[in-house]
Amino acid sequence: MAAWSGCGGDTTAPVVTLGTIAGTVVNDVGDPVAGADITTMPPTTTVASDAAGAFTLADLPIGAYGVSAAKLGYQSVTILGVGVTADGTTTISLTLVEDPATMANVSGVVRNAVGTGVQGALVSAKGQAATDTTDATGAFTLTGVLPGFAYFTSTVSASSWRTTPIRASAWA
């Protein structure tokens, strides 16, 4: 947005009073974090990071801001003193670290069609680091699962097995 200086019929150039903060949100290994809430302090606007972790805070009055990123399952982070210049874009990167206090453990048993436990199946939560291999009874425990809905798969190396993902929720 621009403000016109002068009054009446003054035709001087507009004075630009707004700028932009843009950037990305990644986790501690550099992967993008989608759905993180990005907020300015003082509060002016809030946006969510996209699938690539990118965000844009547009039309901010010039000045200095704190910029925070927060998402369930991660420790929030704030960068202070982010400057916004007239008609400019300031680029930042925010890194979120998983919060072990909000992680869940998911336990279960992988069984075949007749109900016998399957040994040696690899169980994983899609898009997460949590994996485990089933024991002799088919039991597994995934530790460090991010809270919320997740897809879980079990994979057996024998070609006669079919992998079927399931959707479940995990809450700490």
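Residues numbered from 1 in each chain as written. Predicted model: local features only at pLDDT ≥ 70, side-chain atom pairs only at ≥ 80, totals over all residues. Heavy atoms only, no water.

Caption draft 1: Local environment of the nonpolar core. Judged by nonpolar contacts, the single largest core of 19 residues is most densely connected at Ile21, Val25, Ile38, Phe55, Val67 and Leu94. Contributing elements (two or more residues each) for this core: β3 (18-27), β6 (54-61), β7 (63-70), β9 (77-84) and β10 (89-98). Beyond its immediate sequence surroundings of up to four residues, isoleucine 38 is in contact with Val25, Thr45, Thr46, Val47, Ser49, Phe55, Leu57, Val67, Ser68, Ala69 and Leu94. The next biggest cluster of nonpolar side chains, apart from the first, holds 13 residues, and it includes Ala121, Phe140, Val145 and Val156. (Core = buried A, V, L, I, M, F, W, Y, C linked by side-chain atoms within 4.5 Å. Buried < 20%, exposed > 50% of the residue type's maximum accessible area, 1.4 Å probe, protein only. Helix = DSSP H or I, 4+ residues; strand = E, 2+ residues; numbered from the N terminus. Contact = heavy atoms within 4.5 Å.)

Caption draft 2: Structural context of the side chain of aspartate 99. Looking at the secondary structure, you find aspartate 99 in the loop between β10 and β11 (104-109). In this structure, aspartate 99 is buried with no salt-bridge partner, the nearest side chain bearing the opposite charge being lysine 71 at 14 Å. (Lys, Arg positive; Asp, Glu negative; His and termini not counted. Salt bridge = Lys/Arg side-chain N within 4 Å of Asp/Glu carboxyl O.)

Caption draft 3: Here's a closer look at the environment of glycine 144. Counting through the fold element by element, glycine 144 comes out in strand β14 (residues 139-145). By relative accessible area, glycine 144 is classed as partly exposed at 30%. C-alpha separation for the pair glycine 144 and aspartate 99, spaced 45 residues apart in sequence, amounts to 9.2 Å. The residues contacting glycine 144, other than those within four sequence positions of it, are Met103, Ala104, Asn105, Gln128 and Ala130.

Caption draft 4: Here's a closer look at the sheet that holds β9. One open sheet holds the four strands; their spatial order is β5-β4-β7-β9, and the pairing between them is antiparallel. The open sheet terminates on both sides in strands that have one partner only, identified here as β5 (46-48) and β9. Taking each pair of neighbouring strands and ignoring which way they run, the sheet shows an average axis angle of 25 degrees. Direction of pairing for strand β4 (residues 37-41) relative to β7: antiparallel, over a ladder of five bridges. Bridge assignment links aspartate 37 to a residue of β7, and that residue is alanine 70. (Pairing = 2+ DSSP bridges. Axes fitted to C-alpha atoms, helices over the stretch in contact; angles between N-to-C directions.)

Caption draft 5: How the structure looks around the environment of alanine 130. Summarising the element assignment, alanine 130 is placed in the loop between β12 (122-125) and β13 (131-133). When its relative accessible area of 5% is taken as the criterion, alanine 130 is described as buried. Placed 11 residues apart in sequence, alanine 130 and threonine 141 show a C-alpha to C-alpha distance of 9.1 Å. Filtering out sequence-adjacent residues up to four positions away, alanine 130 remains in contact with Val123, Ser124, Ala125, Leu142, Thr143, Gly144 and Val145.

Caption draft 6: View of the confidence of the model for the protein chain. Taken residue by residue, the protein chain gives an average pLDDT of 86. The fraction at 70 or more is 85%. Low pLDDT, under 50, characterises residues 1-6; the predicted model gives this stretch 15 contacts beyond four residues in sequence or across chains. (pLDDT = per-residue confidence, 0-100.)

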